[in-house]
Amino acid sequence: MTKLTIVAFDGTRFDLDADEGSTVMENAVRNSVPGIEAECGGACACATCHVYVDEAWVERVGPPAPMEEDMLDFAFDVRPSSRLSCQIKLSAALDGLTVHVPERQA
Ligand code: FES
């Protein structure tokens, strides 16, 4: 289990216990976090699972892969900390990760 915190746009914090190997998106959907639509079900084909990685975690999470970067072009208000949450796989190295949900999806 790894700790994962997802902060909804209205500031509501979701402090979750996540399975290693699961994605941030899967945990968001399972816990009904508002603002994560994930229309393509995690195939990196919709950009409606966009999140901002908390500043303290940006380096450890790393940059998006080229395919993800292409999809991010379709997301709303993309920032340097933007990632698609279906492409962030949880591991012990990311124990305690915090991400923030944007105002809206594309
Ligand atoms: S769920 Fe569609 S890109 Fe992440």
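Being a predicted model, the structure only gives us computed values, none of them experimental.

A. How the structure looks around the overall build of the chain. Tallying secondary structure elements over the chain gives three helices and five strands in all. In sequence order, the chain lays out its α and β elements as β-β-α-β-α-α-β-β. What you see for the chain is a C-alpha radius of gyration of 12 Å, in line with the 13 Å of a compact globule of 106 residues. Taken along its principal axes, the extent of the C-alpha atoms in the chain is 30 × 25 × 25 Å. By residue count, 46% of the 106 residues in the chain fall in the buried class. The contacts of the chain with a sequence gap of at least 6 include a subset with a gap of at least 24, amounting to 64%. Put simply, the chain shows about 5,600 Å² of open surface, and 50% of that area lies on carbon and sulfur atoms. Here the chain holds 8 positive side-chain charges and 18 negative ones, and the gap between their average locations is 4 Å.

B. Structural context of the nonpolar core. Counting 30 residues, the largest nonpolar core has Leu-4, Ile-6, Val-24, Ile-36, Ile-88 and Leu-97 as the members making the most contacts within it. When contributions to this core are tallied by element, the ones reaching two or more residues are strand 1 (2-7), strand 2 (13-18), helix 1 (24-30), strand 3 (50-53), helix 3 (66-72) and strand 5 (97-100). The contacts of Val-24, once residues within four sequence positions are left out, are Leu-4, Ile-6, Ser-85, Ile-88, Leu-90, Leu-97 and Val-99.

Thresholds applied
Residues numbered from 1 in each chain as written. Predicted model: local features only at pLDDT ≥ 70, side-chain atom pairs only at ≥ 80, totals over all residues. Heavy atoms only, no water. Helix = DSSP H or I, 4+ residues; strand = E, 2+ residues; numbered from the N terminus. Rg over C-alpha atoms; globule rule 2.2 N^0.38 Å. Buried < 20%, exposed > 50% of the residue type's maximum accessible area, 1.4 Å probe, protein only. Contact = heavy atoms within 4.5 Å. Areas by Shrake-Rupley, 256 points an atom, 1.4 Å probe, with all protein chains shown as cover. Lys, Arg positive; Asp, Glu negative; His and termini not counted. Charge placed at Lys NZ, Arg CZ, Asp CG, Glu CD. Core = buried A, V, L, I, M, F, W, Y, C linked by side-chain atoms within 4.5 Å.

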